[in-house]
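Residue-level structure breakdown
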Amino acid sequence: MAEEIVVQLKQVNIYQGDVQILKGVNLEVRRGEFVYLVGKTGTGKSSLLKTLYGELALKEGEGKVVGHDLRNQTWKTIPFLRRDLGVVFQDFQLLTDRNVKENLKFVLKATGWKDENMINAKIDDVLEKVGLKSKGFKMPFEMSGGEQQRIDIARALLNSPRLLLADEPTGNLDPETSDEIMGLLMNLSKDYGMAVIMATHDYMVINKFPARILRTEKGKVYDSANQYAEN
Ligand SMILES: Nc1ncnc2c1ncn2[C@@H]1O[C@H](COP(=O)(O)OP(=O)(O)OP(=O)(O)O)[C@@H](O)[C@H]1O
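I will try to describe carefully the structure that is included in this document. Position numbers for residues count from 1 along each chain, tracking the sequence in the order it is written. Local features in a predicted model are, by the rule used here, given only for residues with pLDDT of at least 70; side-chain atom pairs are given and counted only at 80 or more, and totals for whole chains, interfaces and linings are based on all residues.

**Side note on the sheet that holds strand β10 (residues 220–223)**
If DSSP finds at least two bridges between two strands, the strands pair. What counts as a helix is a DSSP run of H or I of at least four residues, what counts as a strand is a run of E of at least two, and both are numbered from the N terminus. Strand order across the open sheet formed by 6 strands is β6-β7-β8-β3-β9-β10, with mixed pairing between neighbours. The open sheet has two edge strands with one neighbour each: β6 (85–89) and β10. Neighbour to neighbour, the strand axes of the sheet diverge by 20° on average, direction disregarded. With 5 bridges connecting them, β6 and strand β7 (residues 163–167) associate as parallel partners. Following the sheet pairing, valine 88 is matched in β7 by alanine 166. Distance between backbone-placed C-beta atoms decides contact: two residues are in contact if it is within 7 Å. Every angle, taken between N-to-C directions, lies between 0 and 180 degrees, and every axis is a line fitted to C-alpha atoms, over only the stretch in contact when it is a helix. Of the strands in this sheet, β6 and β7 are in contact with helix α5 (residues 145–157), which crosses β6 at around 160°. In this fold helix α6 (residues 175–192) packs onto β3 (34–39), β7 and β8 (195–199), with an angle of close to 155° to the strand it touches most, β8.

**Here's the deal with the nonpolar core**
Residues enter a nonpolar core if they are buried, belong to Ala, Val, Leu, Ile, Met, Phe, Trp, Tyr or Cys, and are joined to the set through C-beta atoms within 7 Å. Each residue is classified by how many other C-beta atoms fall within 10 Å of its C-beta atom, where C-beta atoms are placed from the backbone; a count of 20 or more means buried, 12 or fewer means exposed, and values in between mean partly exposed. Counting residues in hydrophobic clusters, the biggest one holds 55 residues, and the most contacted among them are Leu37, Leu163, Leu165, Val196 and Ile197. If we ignore the near neighbours within four places in the chain, the residues touching isoleucine 197 are Val29, Val35, Leu37, Leu49 and Leu165.

**Looking at the site of the ligand**
By definition, a residue lies near a molecule or strand provided its backbone-derived C-beta atom is within 6 Å of it. All residues adjacent to the ligand are Gln16, Gly17, Ile21, Gly39, Thr41, Gly42, Thr43, Gly44, Lys45, Ser46, Ser47 and Thr216. Looking at which element gives the most residues to the shell around the ligand, the answer is helix α1 (residues 45–52), with 3 residues.

**Overview of the packing of helix α3 (residues 100–110) against α5**
The contact between α3 and α5 brings their axes to 10 Å, and the two run at 25°. Here α3 is positioned roughly parallel relative to α5, judged by the angle of their axes. Regarding α3 and α5, the two cross each other, and that crossing is right-handed. Side by side, α3 and α5 meet where Val100, Asn103, Leu104 and Val107 of the first sit next to Ile151, Ala154 and Arg155 of the second. Here the term charged refers only to Asp, Glu, Lys and Arg, the term nonpolar to Ala, Val, Leu, Ile, Met, Phe, Trp, Tyr, Cys and Pro, and the term polar to all other amino acids, Gly among them. For the contact of α3 with α5, the class distribution of residues is 5 nonpolar, 1 polar and 1 charged. Here the word oblique covers every angle except those under 35 degrees (roughly parallel), over 145 (roughly antiparallel) and from 65 to 115 (roughly perpendicular). Left-handed is the label given to a crossing in which the near helix is rotated counterclockwise from the far helix by less than a right angle, and right-handed is the label when the rotation is clockwise.

**Overview of the sheet that holds strand β1 (residues 5–16)**
Taken together, 4 strands build an open sheet; the order of strands is β2-β1-β4-β5 and the sheet is antiparallel. Looking at which strands have only one partner, the edges of the open sheet turn out to be β2 (19–30) and β5 (68–69). Examined bridge by bridge, strand β4 (residues 60–65) and β5 share 2 bridges and lie antiparallel to one another. Across the sheet, lysine 64 pairs through a bridge with aspartate 69, a residue of β5.

Printed below as a string of structure tokens:
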């Protein structure tokens, strides 16, 4: 299969308000690549992820994410970008008043799915991918933290994204459960050619599941793929 670039940033400067957070970011991530994003707190990891999913507007430089140009995104076009991405956070984003299947159905309906048979088949498919096919009727509060994180990942998979952005997905989990989640993310990336960019502070995880590392420091992004050469 031809290598496919799912993230391409060229000379991107990232701001929070008027404050420049990252400068001259150049980055390419390909289909199926697993990439960690590390760096001290406040050095811009979340700001970089937010730029990739359109939460922070791209003001300077060029950026393309899963075929969408990051420049000139508006509230009308951002939903189309978001539909082609999966996003997972540290805090589970499940609705607490409905069961797992209803949570997943809610997302599909909100993104335009109408056919009930297709909806049910898709829900079974993503639950199977995260190893929780039998838990569709559970309420979120009946599930462990690890199971809730798996459901959150299932939710991110609903629109078959080519890129998953994960902001500290193991941050609230014990070491054994975070290993399980890491194994799942790595396998999903390999089996379905999904690129993953995962922000983490957890060096135990990185040592156990080695992969390319981006590091934010003093306004720059350093890339292990470039032996930490200046971008
Ligand atoms: N909404 C915001 N408005 C203004 N400044 C912000 C906002 N969000 C973040 N910042 C600032 O931008 C800088 C980078 O923050 P960011 O959240 O990207 O860092 P981070 O590396 O993800 O940190 P952490 O590891 O703590 O999550 C920090 O100085 C932060 O205070």
